[in-house]
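Listed here are the chains, written in short residue letters.
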Amino acid sequence: MNRSINNALHAPLGWLLHGLALLPLGVLYALSTAIYAVLYHIVRYRRKTVADNLARSFPHLGDDERSAIERRFYRNLSDYFFETIKLLHISDEEMRRRMVFENMEVLDSLFDSGKTVVAYFSHCFNWEWAPSITLWSRHSGRDNVRFCQVYRPLKNQWADRFMLRLRSRFGSESLPKHTVLRDLLRMRSEGIMSVTGFMSDQKPSHGDPTLPMMFLNRPTAMITGTETLARKLKTAVIYFDLSHTSRGHYRLTLRHISDDASETAPMEITRRYADMLQTSIERDPADWLWTHRRWKNPVKLPDNDEQRTE
């Protein structure tokens, strides 16, 4: 479709979203509560998938406990939409108050030593607010430092440009998945340090190398491309541990994994990330994105696999 025609067709939606973003978050949360009721009780969006994922991942919980998690998850999912739209019109001060980063010295000290950093991340609410890390690092604004995140371009050009605008709100850069290695090599050749967030918890793409292991009580194909890239570039590795402290308030704790990925045993970083992510999810299961079908394809575990059990 011609770009100008595409823009014209989506213009009313853009105006609507900008209008919503001008509203206070308190009003947006009231709207979110109404949308949750529609999403959960009427549309029943992917409820079978969510219920099945929770039942298989937490068989030790009773039906009532899992139902409570499911309802809280859908409330979080609805809040996620409005919180993400709010990025169009939110001040730095309000974002700092709502999205608090802890252990920033983990990252800043790596930059002090000249390291490029790979950050493991996940679809824990609200991951779209994580680029506000630039408001917390003492290296923000330096010419030789970049804050980045990997993304998969959307098929709809208008939606793709819209999401890129939201994700660059605080000065971070989005790197397409298919060019991220080249982009990081270019930055290194130019003497630029970077921290790049990799969402490594989703269902692997077709043909992606994986590590079969137990995760959330199920044989799971964990993505290994993040570790492979980190090992090739000899980067430091950290984990973004995101927790939901109250409605509209989050805490992201930076956790150290390795100073140099190339010096770790093969797949050790992937295993450590999986263990950290499982701990994050078990802390509050309603904060993870359960609507995806990451266990769609059967996974066979090696006979000697070290399985994490409850």
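Placed above this text is the structure.
Throughout this document, residue positions are counted from 1 along each chain, in the order its sequence is written. With pLDDT at 70 or above as the cut-off, local features in this predicted model cover only qualifying residues; side-chain atom pairs require 80 or more to be listed or tallied, and sums for whole chains, interfaces and linings still use all residues. Note that the side-chain values use all heavy atoms of the structure and ignore hydrogens as well as water.

A. Representation of the sheet that holds strand β5 (residues 193-199) within the structure. Here we have 7 strands laid out as an open sheet, ordered β1-β9-β8-β2-β5-β3-β4, and mixed in their pairing. Edge positions in the sheet fall to β1 (99-102) and β4 (173-176), since each has one partner strand and no second. The mean angle between the axes of side-by-side strands here comes to 30°, regardless of whether they run parallel or antiparallel. Sheet topology note: the strand β2 (residues 117-121)/strand β8 (residues 236-246) ladder contains 4 bridges and is parallel. Each bridged residue has a counterpart across the sheet, and for Val-117 the counterpart in β8 is Ala-236. Residues count as neighbours in contact if any of their non-hydrogen atoms are within 4.5 Å of one another. The axes are straight lines fitted to the C-alpha atoms, using for helices just the contacting stretch, and the angles between their N-to-C directions are given from 0 to 180°. Where helices and strands are cited, they refer to DSSP runs of H or I of at least four residues and of E of at least two residues respectively, numbered from the N terminus. Packed on one face of the sheet, helix α7 (residues 157-167) meets β3 (145-151) and β4 and runs near 145° to β3. The strands that helix α9 (residues 225-233) touches are β2, β5 and β8; relative to β2, the one it contacts most, it runs at about 170°. For two strands to be treated as a pair, DSSP must find at least two bridges joining them.

B. A look at the nonpolar core. Only buried Ala, Val, Leu, Ile, Met, Phe, Trp, Tyr and Cys residues count toward a nonpolar core, and they belong to the same one when joined by side-chain atoms within 4.5 Å. Only protein chains enter the accessibility calculation, which uses a 1.4 Å probe; a residue is then buried when its area is under 20% of its type maximum, exposed when over 50%, and partly exposed in between. If you look at the biggest cluster of nonpolar residues, it comprises 90 residues, and the most contacted ones within it are Leu-107 and Trp-290. The biggest single contributor to this core is helix α4 (residues 63-85), with 7 residues. Residue contacts for Trp-290: discarding those within four places in its chain leaves Thr-49, Val-50, Asn-53, Leu-54, Ser-57, Phe-58, Phe-73, Leu-216, Ile-281, Pro-285 and Trp-295.

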